[in-house]
2 protein chains.
Amino acid sequence: MSEQNTLIVVSNRGPVTYDKVDGRRVERRGGGGLVTALRGVREQHHVIWIASATTDEDRVVAGEAGGGEVVLVAHEAEAYDRYYNVVANPMLWFIQHSLWDQASRPELGLAFHDAWREGYARVNRSFADAVVAALDEHPDATVFFHDYHLYLAPKFVRAARPDALLAHFVHIPWPVDWSVLPEPMRRAVHDGLLANDVVAFHTRRWAQNFERSCEDTVGGTHGTRVTHHPLSVDVAEFERLQASNAVRAAEATLPRPEKLIVRVDRTDPSKNIVRGFHAFAVLLEEHPEWRGRVTMLALLDPSRQSIPEYVEYVADIERAVREVNDRFGPVISVQVADDFPRSVAAYKQYDVLLVNAVSDGLNLVAKEGPLVNQRGGVLVLSENAGAYEELAEWAIGVNPFDVWGQAQALHEALVMEAGERARRADGLRAQVRDRDLSQWIAGLLSDLPRAAA
Amino acid sequence: MSEQNTLIVVSNRGPVTYDKVDGRRVERRGGGGLVTALRGVREQHHVIWIASATTDEDRVVAGEAGGGEVVLVAHEAEAYDRYYNVVANPMLWFIQHSLWDQASRPELGLAFHDAWREGYARVNRSFADAVVAALDEHPDATVFFHDYHLYLAPKFVRAARPDALLAHFVHIPWPVDWSVLPEPMRRAVHDGLLANDVVAFHTRRWAQNFERSCEDTVGGTHGTRVTHHPLSVDVAEFERLQASNAVRAAEATLPRPEKLIVRVDRTDPSKNIVRGFHAFAVLLEEHPEWRGRVTMLALLDPSRQSIPEYVEYVADIERAVREVNDRFGPVISVQVADDFPRSVAAYKQYDVLLVNAVSDGLNLVAKEGPLVNQRGGVLVLSENAGAYEELAEWAIGVNPFDVWGQAQALHEALVMEAGERARRADGLRAQVRDRDLSQWIAGLLSDLPRAAA
């Protein structure tokens, strides 16, 4: 493989983490959509992957001489905590998903200013140093930054290596309004990203918003190319998975009412889980004919429980479920667990898949579910999920704030005739198959002049 | 005065309201910045003013034959309540000031959908009918709509009178993101406004955001002219007022510590009153030398107490004051009252004027205060207030979410040297005098082709 095809992938979470079990080093494949997505890249390119060391054993690996294919960067614990738990989550995540209750939150104090400087900037600097070291080994490599943890790193790299080829993929929504972040910080975010040759998003909408916020913050994009390519699913892996014993075993334990509404989400306020339960209650209120015939199954992966807003959100979810079930009987079944085989089993069995996110960069559930569903299930999809840009034609679109509208959409999905359901399910499946993960990668690489040449 | 100069001004609140006292009809001058601003127009143009009847006696006046200079439109009580208390406030107000806690609020139910149709649209239709009737009397008049209560009316008028000259001034911020409002409603807002020949805002920022949201919602502005003219103060009226007996009497009762920080606001979550108190606490914590020497005087006009969010906000304000005063002694003095002479007295006496709004279309306090201040006082001004676009050069700018930054700004203002304070105070006063209310009106009228011709 030629040196031109070396990619230096930079992301907070890497493809593997290490633990020590009974004195032996054990390698675990990392989780998260980004890791899944980038795994495919490694089959076609020479990849150096730079990521944070997140376990004790990771830090041991990080300290070993090597320069192997995965470079783990060991950060100071306090700097990492500020970077991850104060700045990236919740601040940047909340800004980009429009989740702040701006009338009262956030209140930026000295602790936040310190966290920006001593946490976010410092960790980004460490990443940049690792990138520059990797470029010394592979001067013609393309550097491929990922996501909101690393907005400052590209500018640090650019200062040290003016001719490097740098690209950045932002996996979450991009809002126009960044006014929550003080001016020097929002300028740094934009200057950092614009140090890349290419900045890419999932959708045209986020790319356009980025161009607008650049105009407002730093007067334009200054020659950086702004593109969009929606992430997708590894179709082959999903087909293998849906036929696996683990998924079949999980399938046998699912509830099987006359109609099954499924949702699969992390317990993140952006996912709009509470409003989804309220919409289901409105459905049962307005259409009593569905009582006793339809169950909502919510498979929820616990998320970021070191952040107070996320702990509160789990409590809100539990309260909403209790209220609806107290009223209508056990109509909502919730399972809080990280159990992917069970999610795939539910994908196969849903009659309606509810994805009603407040805001979402893309939302892979909306692609994974239709790919393996076996019941001509209907996708009810938030117009604020990036996937809506691709899938609207075959989904029932909903406004995430409109609980009454979501109840109407659930009813429309439940009563839809078999022919129309099949037409839509076929359309979704064809779209996901046609624009799979390899298309995403090919699209991204075609934006990079040197890699494409 | 020629017929060409007839203006049909349309706003929810009119310039007068009527009450019956001891069997006699009593006329009261209406309140609010819009009424003050438009009073000046009446001196130069033949004005027909169409507004809602808001009192029992208004409804009697509305029913009387006439066609006088003020036309009061009597709406059904329930329709008006839905229009005003459900749709305009809080929904549109909260969207446009970015105040929704989108993770959990709003939840649009059937009641909101009904309020849109049976309240907001119906009241807008009634206004449009009144405008068409007025145009029958004055076919060459210019129609001048005001604000967020009347987004649908222009399209209704346009359908009936395709050649009418229609203009609309939006007095509050315009955000790019309207996704809280379901698509048919946000489309109706944009289609309604674009039925005007001219749509005007206070600032370039809001005008640009409008062009962007038009692009996202209806594919562009379709030939409607989008302009911006910042509202200002009636300088002559203010000079008379500041010398009045009422203001002098109020002045004598003000606290007079070594340094006086003043804020003057309605009790609206957009005004950011709680964070202002927290910033003052951070100042006293980080700069103990100010304890006992500086008082914050907050003159708060109670607002919209029929809306739960506003009642809660008053409780939040009271709690914040109690906490700060429990900690540092009686350092914050709050007066909740509609007492304009007292506000003008405080304008004259401040050392620092704090205007830290979360978001604000313009903010007239930032112009009124510097116009009459007598102590070389310093303006600390939110970068999210429309007035910042004009006044930044002479103010200390603050990010409304950055409580630590606001504390720094207060300290900077308190220690600023006399020469620099005078330079800035002079700059502010000259700017306000130079661009007074007559400039605003002249600018608006120059945008209207027929009126300007």
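Quantities reported herein were computed from a predicted structural model and do not represent experimental measurements.

1. Overview of the domain arrangement of chain A
Frequently, the measure chosen for interface size is the accessible area that the parts lose on association.
Residue and element names in this part refer to chain A.
(1) Moving on: Split into domains, chain A comes out as domain 1 (3–232 + 438–452) and domain 2 (236–434).
(2) Moving on: Each of domain 1 and domain 2 has a C-alpha centre, and these two points are 30 Å apart.
(3) Moving on: Facing 18 residues of domain 1, the contacting portion of domain 2 comprises 17 residues.
(4) Moving on: If you list the elements that add at least two residues to the side of domain 1 that touches domain 2, you get helix H4 (77–96) and helix H8 (204–218).
(5) Moving on: Here the residues of the side of domain 1 that touches domain 2 sort into seven nonpolar, nine polar and two charged.

2. Here we look at the interface of chain A and chain B
(1) Moving on: Contact residues are listed per partner, giving 32 residues for chain A and 32 residues for chain B.
(2) Moving on: Elements with a contribution of two residues or more to the side of chain A that touches chain B: helix H5 (110–137), helix H11 (273–286) and helix H16 (403–415) of chain A.
(3) Moving on: In the side of chain A that touches chain B, the residues fall into 15 nonpolar, ten polar and seven charged.

3. Considerations on the pairing of strand E14 (residues 378–382) of chain B
Residue and element names in this part refer to chain B.
(1) Moving on: Most of E14 sits out of view: five of its five residues are buried.
(2) Moving on: On E14, burial covers both faces: Val378, Val380 and Ser382 on one face and Leu379 and Leu381 on the other are all buried.
(3) Moving on: The pairing of strand E13 (residues 352–355) with E14 spans four bridges and is parallel. Bridging from a neighbouring strand, Val352 pairs with Val378 of E14.
(4) Moving on: As a crossover connection, the stretch from E13 through helix H13 (residues 365–372) into E14 is right-handed.
(5) Moving on: Sheet analysis places E14 next to strand E15 (residues 396–398), joined by three bridges and oriented parallel. The partner of Leu381 across the bridge, within E15, is Gly397.

4. Here we look at the sheet that holds strand E10 (residues 259–266) of chain B
All names here are of chain B.
(1) Moving on: An order of E12-E11-E10-E13-E14-E15 is seen for the six strands of this open sheet, with the pairing classed as parallel. Two strands close off the open sheet at either side, each with one partner strand: strand E12 (332–336) and E15. Strand-to-strand, the axes of this sheet are offset by a mean angle of 20°, without reference to chain direction.
(2) Moving on: Packing against the sheet, H13 makes contact with E10, E13 and E14, and its axis sits at approximately 175° to E14.

The rules behind these values
- Residues numbered from 1 in each chain as written.
- Chains lettered and ligands numbered in written order.
- Predicted model: local features only at pLDDT ≥ 70, side-chain atom pairs only at ≥ 80, totals over all residues.
- Domains from an automatic or database assignment.
- Contact = placed C-beta atoms within 7 Å.
- Helix = DSSP H or I, 4+ residues; strand = E, 2+ residues; numbered from the N terminus.
- Nonpolar A, V, L, I, M, F, W, Y, C, P; charged D, E, K, R; others polar.
- Buried ≥ 20, exposed ≤ 12 C-beta atoms within 10 Å, placed from the backbone.
- Pairing = 2+ DSSP bridges.
- Right-handed = clockwise from strand over helix to strand, strands pointing away.
- Axes fitted to C-alpha atoms, helices over the stretch in contact; angles between N-to-C directions.

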